[in-house]
Amino acid sequence: MVASEQALVTGQQLDTLSINTIRTLAMDAVQQANSGHPGAPMGLAAVTYCLWQEFLRYDPEDPKWLNRDRFVLSNGHASMLLYAMLYLAGVREVDENGQVLKTLAVPLEEIKRFRQLGSRTPGHPESHLTTGVETTTGPLGQGVGNSVGIAMASRWLAANFNRPGFEIFDFNVYAMCSDGDLMEGIGGEAASLAGHLKLSNLCWMYDHNHITLDGPADWSFSEDVATRFIGYGWNVTRVADANDLEMLARAFETFQKTADRPTLIIVDSHIGYGSPHKQDTNAAHGEPLGEEEVRLTKKFYGWPEDAKFLVPEGVREHFQDGIGKRGREAHAQWAEMFAEYSQKYPELAERLHRMQRRELPDGWDKKLPTFPADAKGIATRESSGKVLNVLAQNIPWLIGGSADLATSNKTALQFAGAGDFQADNYAGRNLHFGVREHVMGASVNGLTVSGIRAFGATFFNFSDYMKPSIRLSALMEIPSIFIFTHDSIGLGEDGPTHQPIEQLAGLRAMPNLVVLRPGDANEVVEAWKIIAQLQHQPVALVLTRQALPTFDRTKYGAASGTARGAYILADAPTGKPDVILMATGSEVSLCVEAYEKLKAEGIPARVVSMPSWDIFERQDAAYKESVLPSSVTARVSVEMAATFGWERYVGLKGRKVGMHRFGASAPLKDLLKFFGFTVDAVVAEARKAIAEK
């Protein structure tokens, strides 16, 4: 046998050995944890191996390289597939300061701790815990939704930062997905948007294994996926055998040559591949194979049957010679180019540095408006639009859009050069998501994990459509921006189908989410200052359709109090009120009017504006006591929403003016009277609170 033939055989043997290492690590980790999903990693090991070893442009020694290709495991239940790849490829750990360490992101010890408390290998991949996990996935459809945002980010970054001779950004995005990802509505929204935008840098690999958790996929899923995606404007190709490395490579080459549309690779696979009794059954999906079945499967692979967490000699070296070597060389070439780019375009290089560290540019808050006192006032959606347009000019990487509601949300960026992000203009800063709230939220997260400050906007009632994406942004600790207008029954005639009631309470219950409901135009300015400086928390900015009075700040408390979540807006002359009136948003002005009426009657009151409960809760005890002194038990909350949660602040003896049912369709003035949002009603509740203290 000639030397070249010997090398070929050795290469093929290493391929098989590496693929089976991925499979057996997944099997062993799930078995040891007695929990998990072994079937998908077993079926997809060859697909992922081929992608990482031959095509993924990724440097394991610097997993934060700006122009790395992104791999998204949308079927996050197959997490051991990703953890095995991170270990075998030798991906380094990155600390919280962005420094690359010599330690592995996922050492073998962490694979042995799969699904255990405090491990870096949780049941579904979490990006804030594990270096190399590009985005947190698990709820099906969210990962493919994120992948669209990441692909949009690649195009936007290229359009805004590349210069002749300096192709700083051209990374591709690969997303592994399952039947579940394509069944979920968000998957269809994501595919539709990606096809419309002609994101040819986006490749989805569809694990077509004919099995869902409950049983055969054809119990619930019989559509022609290929035809659907062709209709979306995608290039569709198929690999009939998930273990055929040659055909897989040909499919990835087809993707890389496709320049005018995203690509779907349909991969026919066997869930639980190699398991003699569980392959191609739902028994391989969401539970361990069992010790005996693991041994039999290893026997099928030609593996030592009793060996656990075995990584044969030469496997990790094989990855170092493959993705490691390719990635290191590609990164080195890029770094050399970027060094020259930094000399020639220092301002752009500095901009990229700040984006990656989530830092703001110098002068980010210049020319922010101050709104004069005005009894008639302005809707907070209007003042927000004015502030947003100034901020976006100061922060060149602040971009976003709306679910076909930009004119209503007042989120259109209208300054010269803002432009629209479309297939023929990826430099644009106005994103048009269409009526696709689900994927808007997921795309905003994808853009945000790519270093861009992105926002998405819709009516507050439709935040329900975005809840999974908002929740994941909070879990990922990323500063996504969600703007919600038409925040109450104040939208009037549209009626209860569009009038949010329980949404405020629901979002306030979400850990690590900042909820801001400003009470006038100057609180809006302060709210945006808070938003701009967030680094590890997403925000829900909740705004009115109707005009609100702009308070005279020479008479009332400074709007800068917004930064502390709640502050004294108006107070009793002695500083010792008989009753405290507290509210958010449009109801703050109602409390101020009630305060003035009580004052005229000789009843000392205090008005507390509470635009953000969670920020207020982070203040020290002394500040909270100064705003809401425990000695004053007569308290009234006023908010055009469910009263759930206000008992924290009004106490057992307090009164709550709020919504106890869905709204109604009628002119605003009629609704306010019908539901008791009047000055007289608030004054009456204040009197009752005083009488009961």
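Along each chain, the written sequence defines residue order, and numbers are assigned to residues from 1. With the structure being a predicted model, the display of local features is reserved for residues of pLDDT at least 70 and the display and counting of side-chain atom pairs for 80 or more, all residues being used for whole-chain, interface and lining totals. The basis for every side-chain value is the complete set of non-hydrogen atoms in the structure, without hydrogens or water.

Caption draft 1: Layout of the overall build of the protein chain. Numbering of helices and strands starts at the N terminus; helices are DSSP runs of H or I of at least 4 residues and strands are runs of E of at least 2. Counting secondary structure elements, the protein chain contains 24 helices and 21 strands. In terms of its C-alpha atoms, the protein chain occupies a principal-axis envelope of roughly 105 × 60 × 45 Å. Any residue under 20% of the maximum accessible area for its type is buried, any over 50% is exposed, and the rest in between are partly exposed; the area is computed with a 1.4 Å probe on protein chains only. Looking at the protein chain as a whole, 61% of its 693 residues qualify as buried. Contacts are assigned to residue pairs with any non-hydrogen atoms lying within 4.5 Å of each other. Relative to all contacts within the protein chain whose residues are 6 or more apart in sequence, the contacts with residues 24 or more apart total 76%. In these tables, accessible area is a Shrake-Rupley quantity obtained with a 1.4 Å probe, and a residue counts as shielded only by the protein chains included in the view. Here the protein chain displays about 26,400 Å² of accessible surface, and carbon together with sulfur accounts for 50% of that area. Averaging the positions of the 68 positive and the 82 negative side-chain charges in the protein chain gives two centres separated by 7 Å. Counted as positive: Lys and Arg. Counted as negative: Asp and Glu. His and the chain ends are not counted at all. In this description, the location of a charge corresponds to atom NZ of lysine, CZ of arginine, CG of aspartate or CD of glutamate.

Caption draft 2: Expanded view of the pairing of strand β5 (residues 202-208). The buried fraction of β5 amounts to 7 of the 7 residues, a majority that puts the element mostly inside the structure. Neither face of β5 is exposed, since Leu202, Trp204, Tyr206 and His208 on one face and Cys203, Met205 and Asp207 on the opposite face are all buried. Strand pairing requires that DSSP identify at least two bridges connecting the strands. Direction of pairing for β5 relative to strand β7 (residues 263-268): parallel, over a ladder of 6 bridges. Looking at β7, one finds that tryptophan 204 is bridged to leucine 264.

Caption draft 3: Representation of the packing of aromatic side chains in the model. Working definition: a ring pair exists when centres of Phe, Tyr or Trp rings (six-membered ring for Trp) sit within 6.5 Å. Plane angles under 30 degrees give stacked, over 60 give edge-to-face, the rest tilted. One pass over the structure, following the stated rule, counts 33 aromatic pairs. Seen in terms of ring centroids, tryptophan 334 and phenylalanine 338 are 4.9 Å apart; in terms of plane orientation they differ by 5°. Their pairing is stacked. Of this pair, tryptophan 334 and phenylalanine 338 are both found in helix α11 (residues 315-344), 4 residues apart, which corresponds to roughly one turn of the helix. Residue classification places phenylalanine 338 among the buried residues on the basis of a relative accessible area of 17%. Note on tyrosine 341 and tyrosine 345: the rings are 5.3 Å apart at their centroids and 50° apart in plane angle, and the pair reads as tilted. Site record: aromatic cluster; members linked through ring pairs are Trp65, Phe166, Trp334, Phe338, Tyr341 and Tyr345. Counted as over-ring charges are cases with an Arg CZ or a Lys NZ within 6 Å of the ring centre that also lie within 35 degrees of the ring normal. For arginine 163, the ring lying beneath its charged end belongs to tyrosine 345, and the centroid distance is 5.9 Å. Here arginine 508 stacks its cationic end above the ring of tryptophan 613, 3.8 Å away from the centre of that ring.

Caption draft 4: The arrangement of unusual backbone geometry in detail. A positive phi angle, near 60°, is found at glutamate 477, a position not held by glycine. Looking at where glutamate 477 falls in the secondary structure, it is placed in the loop between α16 (463-476) and β13 (481-485). With a relative accessible area of 35%, glutamate 477 lands in the partly exposed category. The phi dihedral of asparagine 512 is positive, around 65°, even though this residue is not glycine. Inspection of the secondary structure assignment puts asparagine 512 in the loop between α17 (503-508) and β14 (514-516).

Caption draft 5: Highlighting the nonpolar core. What makes a nonpolar core is a set of buried Ala, Val, Leu, Ile, Met, Phe, Trp, Tyr and Cys residues whose side-chain atoms join them at distances within 4.5 Å. Among the nonpolar cores identified, the biggest contains 107 residues, and Met152, Trp204 and Trp528 are the most heavily contacted of them. Broken down by element, this core gets its largest block of residues, 10 residues, from helix α5 (residues 142-161). Setting aside its immediate chain neighbours within four residues, methionine 152 contacts Leu193, Leu197, Leu199, Phe421, Leu431, Phe433, Ser443 and Leu447. Core analysis: the second largest hydrophobic core is formed by 57 residues, Tyr58, Phe71, Met205 and Phe319 among them.

Caption draft 6: Molecular detail of the packing of helix α7 (residues 185-196) against helix α8 (residues 225-232). Inter-axis angles, ranging from 0 to 180 degrees, are taken between N-to-C directions of lines fitted to C-alpha atoms, where helices are fitted over the stretch in contact. Between α7 and α8, the shortest axis-to-axis distance is 8 Å and the interhelical angle comes to 45°. Looking at the two axes, α7 sits oblique to α8. Contacts between α7 and α8 pair Gly188, Ala191, Ser192, Gly195 and His196 from the former with Arg228, Phe229 and Tyr232 from the latter. Angles below 35 degrees are treated as roughly parallel, those above 145 as roughly antiparallel, those between 65 and 115 as roughly perpendicular, and all remaining angles as oblique.

Caption draft 7: The arrangement of the state of the cysteines in detail. Here, a disulfide means two cysteine sulfur atoms that sit within 2.5 Å of each other. A full pass over the atoms with the stated rule returns 0 disulfides. No disulfide involves cysteine 203; its sulfur sits 9.2 Å from that of cysteine 177, the nearest cysteine. For cysteine 203, a relative accessible area of 0% corresponds to the buried category.

Caption draft 8: The arrangement of the pairing of β7 in detail. Buried residues dominate β7, accounting for 6 of its 6 residues. Alternating positions in β7 separate into two faces, Thr263, Ile265 and Val267 on one and Leu264, Ile266 and Asp268 on the other, with burial throughout. Bridging between strand β6 (residues 235-239) and β7 involves 5 bridges; their strand directions are parallel. Bridge pairing links threonine 237 to isoleucine 265 in β7. Orient the strands so they point away from the viewer; a crossover is then right-handed if the path from the first strand over the helix to the second runs clockwise. In this region the chain leaves β6, passes through helix α9 (residues 245-257) and returns to the parallel neighbour β7; the handedness of that crossover is right-handed.

Caption draft 9: Representation of the environment of glutamate 493 within the structure. Within the secondary structure, glutamate 493 sits in the loop between β13 and α17. In this structure the C-alpha to C-alpha distance between glutamate 493 and glycine 327, which are 166 residues apart in sequence, comes to 58 Å. When sequence neighbours within four positions are dropped, the list of residues in contact with glutamate 493 reads Ser665, Ala666 and Pro667.

Caption draft 10: Summary view of the pattern of salt bridges. For this document, the term salt bridge refers to a Lys or Arg side-chain nitrogen within 4 Å of an Asp or Glu carboxyl oxygen. All told, the structure shown has 35 salt bridges when counted by the stated rule. In this structure, aspartate 69 and arginine 57 form a salt bridge, with 3.7 Å as the shortest nitrogen-oxygen distance. Here the residue aspartate 69 occupies a position in the loop between α2 (39-55) and β1 (70-73), and arginine 57 occupies one in the loop between α2 and β1, the gap between them amounting to 12 residues. With a relative accessible area of 2%, aspartate 69 lands in the buried category. Measuring nitrogen to oxygen at the nearest pair gives 3.3 Å for the salt bridge that ties glutamate 692 to arginine 655. Of this pair, glutamate 692 sits in helix α24 (residues 679-692) while arginine 655 sits in strand β21 (residues 655-659), and the two are 37 residues apart along the sequence. Take glutamate 692: its relative accessible area is 42%, and that puts it in the partly exposed class. In this structure, a network of salt bridges that share partners links the residues Asp487, Arg508, Arg517, Glu587 and Glu639.

Caption draft 11: Structural detail: the sheet that holds β14. Within the open sheet, the 7 strands sit side by side as β10-β11-β9-β12-β13-β15-β14. Their pairing is parallel. Of all the strands in the sheet, just β10 (420-421) and β14 have a single pairing partner and so form its edges. Sheet topology note: the β13/strand β15 (residues 539-542) ladder contains 4 bridges and is parallel. Pairing of phenylalanine 482 across the sheet is with alanine 540, part of β15. Together, β12 (453-459), β13, β14 and β15 form the strand contacts of helix α18 (residues 521-533), whose direction differs from that of β15 by roughly 165°.

Caption draft 12: Examining the sheet that holds β7 more closely. Spatially, 5 strands are ordered β1-β4-β5-β7-β6 in an open sheet, and the strand pairing comes out parallel. Lying at the two open borders of the sheet, with one neighbouring strand each, are β1 and β6. Across this sheet, the average inter-strand angle for adjacent strands is 20°, counted without regard to direction. When strand β4 (residues 173-177) meets β5, the two strands line up parallel, connected through 5 bridges. Bridge assignment links tyrosine 174 to a residue of β5, and that residue is cysteine 203. Sheet contacts for α2: β1, β4, β5 and β7; angle to β4, the most-contacted strand, approximately 170°.

Caption draft 13: Geometry of the packing of α5 against helix α15 (residues 437-449). Two elements in contact, α5 and α15, have axes whose closest approach is 7 Å; the angle formed by their N-to-C orientations is 55°. Considering the angle they form, α5 stands oblique to α15. Crossing of α5 over α15 shows right-handed handedness. When α5 is examined against α15, the residues Gln142, Gly145, Asn146, Val148, Gly149, Ile150, Met152 and Ala153 are found in contact with a partner set consisting of Val439, Ala442, Ser443, Asn445, Gly446, Leu447 and Val449. Note: crossing handedness is left-handed where the near helix turns anticlockwise from the far helix by less than a right angle, and right-handed where it turns clockwise.

Fair warning: the whole summary comes from geometry, so function is off the table for now.
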